[in-house]
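Okay, here's what each chain looks like letter by letter:
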Amino acid sequence: MDFLMSGLAACGACVFTNPLEVVKTRMQLQGELRAPGTYQRHYRNVFHAFITIGKVDGLAALQKGLAPALLYQFLMNGIRLGTYGLAEAGGYLHTAEGSLSPPRSAAAGALAGVMGAYLGSPIYMVKTHLQAQAASEIAVGHQYKHQIFPPQSWKVALAAAMVSGIAVVLAMTPFDVASTRLYNQPTDAQGKGLMYRGILDALLQTARTEGIFGMYKGIGASYFRLGPHTILSLFFWDQLRSLYHTYTK
């Protein structure tokens, strides 16, 4: 659960921070091994880079490399935080007296970080190549011509559905937990719930008593149920639309 929770949390954050990663990558490649003033600055600052990329490459370019970025975050943070959580749960971070040992904590954190970085490095390289891809007039650094999926491939719909499945499960699990408990609570003779007054009360009581993680109970099962459902629904929808447009031309 530690691996899954930390990985999913990192993926949720990645969807919002990936545009900044695209900007960072291009600004770091700009003027590579060139003396200041000897090259054209396509990106003057962060805000100018956002505007330039959106105007020349299109707004979708601000999410370039999202698929490997999500995989990288899930793998790296899942291993890093999950391994540290396992070490903490196993009691390896405490002394014989039961107190927290700073050297053991530092060693466990370093080992977990090294494992995550080592396994995630190949994916980070692919992410960097994709995020550096740009139109010739604003290109910086070496331009790899990677293409994850061919145009109009069913794999594009599949990858998009996998990403949306993560976003949906992160957003909806607290409400799913609350609705499950509302439906399952005992009632009085008039059918009125005895534990919760409504959806908001269920959310607040759960958060106060069980903490934020209590609102995400069953998130693994939710994704493995909702993920394939979302993936297959969007995949079949996309394929049916393609067939419709093919035979109605």
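Scroll up to find the structure.
All of the points below concern the structure found in this document. (Residues numbered from 1 in each chain as written. Predicted model: local features only at pLDDT ≥ 70, side-chain atom pairs only at ≥ 80, totals over all residues. Heavy atoms only, no water.)

Looking at the overall build of the protein chain
Counted only if it meets this: A run of DSSP states H or I qualifies as a helix once it reaches four residues; a run of E qualifies as a strand once it reaches two. Both are numbered from the N-terminal end. When we talk radius of gyration, it's over C-alpha atoms, and the globule rule is simply 2.2 Å times the number of residues to the 0.38. Here's how the labels work: a residue is buried when its accessible area is under 20% of the maximum for its type, exposed when over 50%, partly exposed in between, all with a 1.4 Å probe on protein chains only. Should any heavy atoms of two residues lie within 4.5 Å, those residues are considered in contact. The Shrake-Rupley method, run with a 1.4 Å probe sphere, supplies the accessible areas, and residue values consider only the shown protein chains as cover.
Each helix and strand counted, the protein chain has seven helices and zero strands in total. Ordered by position from the N terminus, the helices and strands of the protein chain form the series α-α-α-α-α-α-α. Whereas a compact globule of 249 residues would reach a radius of gyration of roughly 18 Å, the protein chain reaches 23 Å, over 25% beyond that. Over its C-alpha atoms, taken along the principal directions, the protein chain stretches across nearly 75 × 70 × 30 Å. Of all 249 residues assigned to the protein chain, the portion counted as buried reaches 35%. Put simply, 69% of the contacts in the protein chain that link residues at least 6 apart link residues at least 24 apart. Taken as a whole, the protein chain presents about 15,500 Å² of accessible surface, with 66% of it coming from carbon and sulfur.

As for the packing of aromatic side chains
Within a pair of aromatic rings, the relevant descriptors are the distance that separates the centres and the angle that separates the planes. Just so we agree on the cut-off: Side-chain rings of Phe, Tyr and Trp, where Trp is taken by its six-membered ring, are said to pair if the distance between their centres is within 6.5 Å; with planes under 30 degrees apart they count as stacked, over 60 as edge-to-face, and otherwise as tilted. Here, a charge over a ring is recorded when the distance from Lys NZ or Arg CZ to the ring centre is within 6 Å and its angle to the ring normal is within 35 degrees.
Per the stated rule, a full pass over the model turns up one aromatic pair. The side chain of K127 reaches across the aromatic face of Y124, ending 4.2 Å from its centre. Over the ring of W237 we find R241, and its NZ or CZ is 4.6 Å from the ring centre.

Digging into the packing of helix α3 (residues 66–89) against helix α4 (residues 102–132)
Here is the rule we go by: Note on geometry: axes are C-alpha line fits, over the in-contact stretch for helices, and angles between N-to-C directions span 0 to 180 degrees. In these notes the angle categories are as follows: under 35 degrees is roughly parallel, over 145 is roughly antiparallel, 65 to 115 is roughly perpendicular, and the rest is oblique. Gly falls in the polar group here, along with every residue not listed as nonpolar (Ala, Val, Leu, Ile, Met, Phe, Trp, Tyr, Cys, Pro) or charged (Asp, Glu, Lys, Arg).
At their nearest, the axes of α3 and α4 sit 8 Å apart, and the two run at 175° to each other. Considering the angle they form, α3 stands roughly antiparallel to α4. The class makeup of the residues in the contact of α3 with α4 is 18 nonpolar, six polar and two charged.

Some remarks on unusual backbone geometry
Across the chain, the bulk of peptide bonds are trans and the bulk of non-glycine residues have phi less than zero. Residue L33 is not a glycine yet carries a positive backbone phi of 55°. Relative to the assigned elements, L33 resides in the loop between α1 (2–29) and α2 (46–56).

Remarks on a nonpolar patch on the surface
Put simply, the test is: Each patch is built from residues lacking any salt bridge and having more than 30% relative accessible area; the joining distance is 9 Å for like charges and 5 Å for nonpolar side chains (Val, Leu, Ile, Met, Phe, Trp, Tyr). A pair is scored as a salt bridge if a Lys or Arg side-chain nitrogen falls within 4 Å of a carboxyl oxygen belonging to Asp or Glu.
Together, V168, M172, F175, I199, L200 and L204 make up a nonpolar patch on the protein surface, roughly 520 Å² of accessible area in all. Only α5 (154–184) and α6 (199–210) provide two or more residues apiece to the nonpolar patch. Relative to the elements of secondary structure, L200 occurs in helix α6. Here L200 falls in the exposed class, since its relative accessible area comes to 56%.

Quick look at the side chain of D201
Heads up, the rule is: N or O atoms closer than or at 3.5 Å make up a polar contact, with two conditions inside protein: a donor-capable atom paired with an acceptor-capable one, and, for residues adjacent in sequence, both atoms drawn from side chains.
In this fold, D201 is placed in helix α6. On the basis of relative accessibility, which here comes to 11%, the residue D201 falls in the buried class. Within polar-contact distance, the side chain of D201 engages the backbone nitrogen of R197 at 3.0 Å. Apart from the residues lying within four places of it in its own chain, the contact partners of D201 are M195 and Y196.

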